[in-house]
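Listed below, chain by chain, are the residues.
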Amino acid sequence: MIRLDRLSKKYPDGTVAVDDVSLDVHRGEMVMLVGPSGGGKSTTLRLINRLIEPTSGRIWLDGRDVTHENPEKLRRGIGYVIQRIGLFPHRTVEQNVATVPGLLGWDKQRTRARVTELLELVGLEPATYALRYPHELSGGQQQRVGVARALAADPPVLLMDEPFGAVDPLARDRLQDQFLRIQAELRKTVVFVTHDIDEAVRLGSRIAVLGPAGVLQQYADPSTLLAAPANESVAAFVGADRGIRRMSVTALTKEDLSPASAIPADRLTSDGRLADGVPSIRLGASLREGFAALAGLDEPALPVLDEQGALAGVLTPADVHAALRRSAAVAAAEHSAGAAAGSSPG
């Protein structure tokens, strides 16, 4: 869907912001750009929609080279959300969301229906919020209006530059949850800049780590990135506690469990199912969820159910540690295989 081919941005004074970056973003994927300050994250994002022109390299969008297309026309087909939100202060919420449909010449009825649909999608009741002005909204509400505005013309691509960075941690968690729900429904192709590795791990399909002077250090799924950092720079950025972070992206499988026979008989019904009120978790939940549920129990054994609600086994603290070691070994092996394939001739 998006392909950056040896993309670079160098300024006349010799500053290199982005250096020979090549990466693909698949349709419906959410790719996170992370890295230290000055690593070229926001510059890379702005190169995609040509707010900044590249010094060299090419930008492909849905199979066509857009490096030299009319930038204004290009941007009308790309949603863009920034940290500062950028709502027009003297326009209502409804008018803000309708900005791009207006530029595209939509009629009033179609535009109003789309605004109503999007406000409902982002959790803002149209009857309550449509006629309000930005200063009458909280920071989190303004950010949701920004997302709605970016989605107004149903663009296939959404670019987001630290969109949740200016709100408090509680509001950020809620915005992340809501955006995950929206993305699950709409399946947009998203490139998302963040300085927060936890946000990247939580939201991203894949994560691109950019280093000093905009050099791409590693591009991998969250589990591989946390288990097998490509170099010391990436390891330092993702943090020494990356094992804890990896728990949130490692799904619980039946192979990770101890036998169901470990569950005390008084927790089961006569047909072998879990009795009402006994805490449990489902296969496919994250290890982090399982570990948190374990921490709230008096006994170190958490029943785990399959998709049909039958007992699949139990999760113990030892199982959590073993599952983490397994996922790390698998990710490291895949990373090594990928590196070997990339270095092989031909």
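Please read these numbers as outputs of a predicted model, since none were measured by experiment. Throughout, residues of each chain are indexed from 1 in the direction in which the sequence is written. The model is predicted, so local features are restricted to residues of pLDDT at least 70 and side-chain atom pairs to those at 80 or more, both for listing and for counting; the totals for chains, interfaces and linings are taken over all residues. Water and hydrogen atoms play no part in the side-chain values, which are based on all heavy atoms of the structure.

Side note on the packing of helix α7 (residues 139–151) against helix α8 (residues 169–186)
Going by this rule: Axes, fitted as lines to C-alpha atoms, cover a helix only where it is in contact. Angles between the N-to-C directions of the axes lie from 0 to 180 degrees. Secondary structure elements are taken from DSSP: a helix is a run of H or I of four residues or more, a strand is a run of E of two residues or more, and numbering for both begins at the N terminus. Orientation labels follow simple angle bins: below 35 degrees gives roughly parallel, above 145 gives roughly antiparallel, 65 to 115 gives roughly perpendicular, and whatever is left gives oblique. When the near helix sits turned anticlockwise from the far one by under a right angle, the crossing is termed left-handed; a clockwise turn instead gives a right-handed crossing. Every residue pair with non-hydrogen atoms within 4.5 Å of one another is taken to be in contact.
At a minimum axis distance of 11 Å, the contact between α7 and α8 shows a crossing angle of 20 degrees. As the angle between them shows, α7 and α8 are arranged roughly parallel. Here the hand of the crossing between α7 and α8 comes out right-handed. Where α7 abuts α8, its residues G140, Q143, R144 and L151 lie against L175, Q178, I182 and L186.

Considerations on α8
Our working definition: Between the first and last residue of a helix there are one fewer steps than residues, each counted as 1.5 Å, and that sum is the expected span. Nitrogen and oxygen atoms within 3.5 Å of one another constitute a polar contact, given that in protein one can donate a hydrogen and the other can accept it, and given that sequence-neighbouring residues count only through two side-chain atoms.
The terminal C-alpha atoms of α8, which comprises 18 residues, lie 25 Å apart, in line with the 26 Å expected from a rise of 1.5 Å per residue. Regarding α8, its N-cap is D168, as a side-chain oxygen of that residue lies 3.1 Å from the backbone nitrogen of L170 further along. Taken from the residues just after α8, R187 is the one with a positive phi, measuring 55 degrees.

Digging into the nonpolar core
Cut-off, in case you're wondering: Remark: nonpolar core denotes a set of buried residues (Ala, Val, Leu, Ile, Met, Phe, Trp, Tyr, Cys) joined through side-chain atoms within 4.5 Å. Relative accessibility thresholds used throughout: buried, under 20% of the residue-type maximum; exposed, over 50%; partly exposed, between the two (1.4 Å probe, protein chains only).
Residues M32, V97, L158, M160, F192 and I207 are the most contacted members of the largest nonpolar core, which totals 43 residues. Core analysis: the second largest hydrophobic core is formed by 26 residues, L7, V18, I78 and V191 among them.

Focus on the pairing of strand β6 (residues 78–82)
Defined as follows: Two strands pair under a simple rule: DSSP has to find at least two bridges between them.
Across the five residues that make up β6, a large majority, four, are buried. The sheet contact formed by β6 and strand β7 (residues 157–161) spans five bridges and is parallel. Each bridged residue has a counterpart across the sheet, and for V81 the counterpart in β7 is M160.

Section: the environment of T55
Examined against the element boundaries, T55 turns out to sit in the loop between α1 (41–48) and β4 (56–61). Along the backbone, T55 and H195 are 140 residues apart, and their C-alpha atoms lie at a distance of 25 Å. When near neighbours in sequence (up to four residues on either side) are disregarded, T55 contacts S8, K9 and K10. Looking at T55, its side chain comes within polar contact range of the main-chain nitrogen of K10, at 2.8 Å.

Details of the pattern of salt bridges
Oppositely charged side chains can pair when the atoms bearing their charge come close. Convention followed: Salt bridge, as used here, is a side-chain nitrogen of Lys or Arg placed within 4 Å of a carboxyl oxygen of Asp or Glu.
This model, assessed by the stated rule, comprises 13 salt bridges. Between D161 and R46 there is a salt bridge, with the nearest N and O atoms lying 3.6 Å from each other. Here R46 lies in helix α1 and D161 lies in strand β7, a separation of 115 residues in the sequence. Judged by its relative accessible area of 6%, D161 is buried. A relative accessible area of 27% means that R46 is categorised as partly exposed. Each of the salt bridges in this network shares a partner with another, and the network as a whole consists of D173, D177 and R202.

Points about unusual backbone geometry
For R6, which is not glycine, the phi torsion reads 50 degrees and is therefore positive. With respect to the secondary-structure elements, R6 resides in strand β1 (residues 2–10). R6 sits in the exposed class, given a relative accessible area of 54%. Look at D154: it is not a glycine, yet its phi comes out positive at around 55 degrees. You can see D154 is positioned in the loop between α7 and β7. Take D154: its relative accessible area is 47%, and that puts it in the partly exposed class.

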